[in-house]
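# Examining the three-dimensional arrangement
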Amino acid sequence: MTNAYAMEPPPRGGDGWRAELRATLQLSWPLAAANLLQMLTYAIDVIFIARLGDDQLAASALAVALFGLVLWALSGLTGAVAPVAAAELGERAPALRPVRRSVRMALWLALFSGTAGIGVCLLLGPLMRVTGQQPHIIAMAIEYNTLLVVSLVPMLFCNVLRSFVSTLDRPIFATAITAGGIFVNALANYAFIFGNLGAPELGLKGAAVATIFTTLTTLAAYVVAIRLDKKLHRYHVFGRWWSPDWARLMHIVRVGAPIALTITAEAGIFGAAAFLMGNIGASQLAAHTVALQIAALAFQVPFGVGQAATIRVGYFYGARDPEGVKRAGWTAIVVGTGFMVLTALAMVIIPKPLIAIYVDPWDPKNAVLVGFALQYIVIAAAFQLVDGMQAVAAGALRGLQDTRIPMWIAAFAYWVPGIGTSLVLGFLTPLEGVGVWIGLATGLTVAAVLLGWRWHRRERLGLTRRPLPG
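Cut-off values and rules
Once a new chain begins, its residue numbering starts again from 1 and follows that chain's sequence as written. Where totals are concerned, whole chains, interfaces and linings use all residues; where local detail is concerned, this predicted model gives features only for residues with pLDDT of at least 70, and gives and counts side-chain atom pairs only at 80 or more. The side-chain quantities take in all heavy atoms of the structure and omit both hydrogens and water. Counting from the N terminus, the helices are the DSSP runs of H or I reaching at least four residues and the strands are the DSSP runs of E reaching at least two. Based on C-alpha atoms, the radius of gyration is set beside the globule rule, defined as 2.2 Å times the residue count to the power 0.38. Accessibility here uses a 1.4 Å probe with only protein chains present; expressed as a share of the type maximum, an area under 20% marks a residue as buried, one over 50% as exposed, and anything in between as partly exposed. Pairs of residues are marked as contacts when any of their non-hydrogen atoms sit within 4.5 Å. The Shrake-Rupley method, run with a 1.4 Å probe, gives the accessible areas here. Residue values count only the displayed protein chains as cover. The charge count treats Lys and Arg as positive and Asp and Glu as negative. His and the chain ends do not count. Here the site of a charge means NZ on Lys, CZ on Arg, CG on Asp, or CD on Glu. For this analysis, a salt bridge means a side-chain nitrogen from Lys or Arg found within 4 Å of a carboxyl oxygen belonging to Asp or Glu. For Phe, Tyr and Trp, where Trp contributes only its six-membered ring, two rings pair if their centres lie within 6.5 Å, and the inter-plane angle classes them as stacked under 30 degrees, edge-to-face over 60, or tilted in between. Definition used: whenever NZ (Lys) or CZ (Arg) falls within 6 Å of the ring centre and also within 35 degrees of the ring normal, the charge is taken to sit over that ring. Fitted lines through C-alpha atoms give the axes, limited to the stretch in contact for helices. The angle between two N-to-C directions lies from 0 to 180 degrees. Working rule for angles: under 35 degrees goes down as roughly parallel, over 145 as roughly antiparallel, 65 to 115 as roughly perpendicular, anything else as oblique. Rotating anticlockwise by less than a right angle from the far helix to the near helix defines a left-handed crossing, while the corresponding clockwise rotation defines a right-handed one. For this scheme, ten residues count as nonpolar: Ala, Val, Leu, Ile, Met, Phe, Trp, Tyr, Cys and Pro. Four count as charged, namely Asp, Glu, Lys and Arg, and the remainder, Gly too, count as polar. Only a pair of cysteine sulfur atoms within 2.5 Å qualifies as a disulfide here.

Here we take up the overall build of the protein. Along its length, the protein carries 18 helices and 0 strands. The C-alpha radius of gyration computed for the protein amounts to 22 Å, which stays within 12% of the reference 23 Å derived for 470 residues, consistent with globular compactness. Its C-alpha atoms put the protein at 65 × 55 × 35 Å along the principal axes. Here the protein, with 470 residues, has 55% of them falling under the buried criterion. A sequence separation of at least 24 residues applies to 82% of the contacts in the protein between residues at least 6 apart. Of the roughly 19,900 Å² that the protein leaves accessible, carbon and sulfur atoms contribute 69%. Computing the positive centroid from 34 side-chain charges and the negative centroid from 22, the protein places the two 12 Å apart.

Set out below in structure tokens:
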């Protein structure tokens, strides 16, 4: 079944693999670019807030730590619309009504879950008091956070619409809109933090106002893009927005809730590693932060490939085409893992220029930090391949709407062999920070092996058998 409103399955045989590679790359690079640009957006916030002073930067970091975790988890929940919509396209493209209803219910879910997420974020004050933060830092963080949470629901709306345009083969819209958001965010920070361009001087609160302004502008850009694009507009995703489809909503929740918990488990181990490093020493924690940022930057590409794998595999899953599922999944795994070979080589060959993105590695005052960071980056290079593989394998399994068992795999891998190895090597041996990083590598390796094994056995496990409609 082919038509102008859905991704066409590639032909069988050798041409099928080449066509799948082209399709995967065409879908992956805009998503990966959007991920990298999103990181740049966050970096701009840090750059502007840092000019206010260390206290303001610390306060914003504490608020963003909780806000970011909630946002990331709920993005996984609402982003489950991608495999659901992709399967509907594969089954009966163009699937106008099913896709429209799925997007509508994902927007409802964004509203419901985002409102609950705001409640969680507002617990920041008690959380900071329990962890012994300084009173003046707590006061600034609460003031900043109270405004920042206003942007949560619009951010989740953007996530749903990004999933929709990507599933409908328009990922370049996500890239362009995110790139435009960078300029809007920089301009808004410049205006509201320091009182430029006729705006009031709000200081740290101005950074939160800038985030709200940027998010609403981004949301408006998605709405306009969907309205103006003939292919996207045909779905009328904003039509009859008040009409519920409870069965479809619950299906998205069933697929998305394990994704959200998986993200929480993965984010949690890196957060726990930061606390472990802080107990070892301030220099080790600073070096850990720099090395982790470099690894996170590299991770955005296989993460984007994993998002593409979810859509491509989901399409063939809906079409009940196990050969297409096989091609889409393995092609994405090879692409994502292959890219990480390049990043691993870069970390080994040119580590100091990579560190220079964040600090000056040739400044004598940074000598201790850089010394630790170089050790951690070597380990990061070693786990690049498994990190890429687990990200793409998880994305491919999500395309099969297989999320519950991968959730348990992630929770086990990260928190038993992962954090367990970090504790033993970090505190019971002389390895200290290196031991913590070996623990991170261990958790990622176990996750990659188990997720790869599950993907390899997908047919024997019955994961490719999509139930017939009705």
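All chains considered together, the criterion is met by 9 salt bridges. Bridged by salt links that share partners, the residues Glu88, Arg101, Asp245 and Arg248 form one connected network.

The next thing to look at is the packing of aromatic side chains. This structure, assessed with the given rule, holds 11 aromatic pairs. Look at tryptophan 108 and tryptophan 246: their rings are 5.5 Å apart centre to centre, the planes differ by 75°, and that puts the pair in the edge-to-face class. Separated by 138 residues along the polypeptide, tryptophan 108 in helix H4 (residues 96-121) and tryptophan 246 in helix H11 (residues 246-280) bring together distant segments of the chain. Owing to a relative accessible area of 17%, tryptophan 108 belongs among the buried residues under this scheme. Ring pairing ties together the aromatic residues Phe372, Tyr376, Phe383 and Trp437, which thus form one cluster. Residue placement shows arginine 51 over the ring face of phenylalanine 194; its charged tip is 4.9 Å from the ring centre. Geometry around tryptophan 455 places arginine 458 over its ring, the cationic atom sitting 4.5 Å from the centre.

Here we come to the packing of H4 against helix H7 (residues 152-167). What describes two packed helices is the angle between their axes and the distance between those same axes. Two elements in contact, H4 and H7, have axes separated by 8 Å at closest approach and are oriented at 155°. With respect to H7, the element H4 is oriented roughly antiparallel. As H4 packs across H7, the resulting crossing turns out to be right-handed. Contact residues: Val99, Val103, Ala106, Leu107, Ala110, Leu111, Ser113, Gly114, Thr115, Gly117 and Ile118 in H4; Leu152, Val153, Leu156, Phe157, Val160, Leu161 and Phe164 in H7. A class-by-class count of the residues in the contact of H4 with H7 yields 14 nonpolar, 4 polar and no charged.

Attention shifts here to the state of the cysteines. Considering all chains together, one arrives at 0 disulfides under this definition. Left unpaired, cysteine 121 is separated from the closest cysteine sulfur, that of cysteine 158, by 16 Å. Taking relative accessible area as the criterion, cysteine 121 reaches 0% and is therefore assigned buried.

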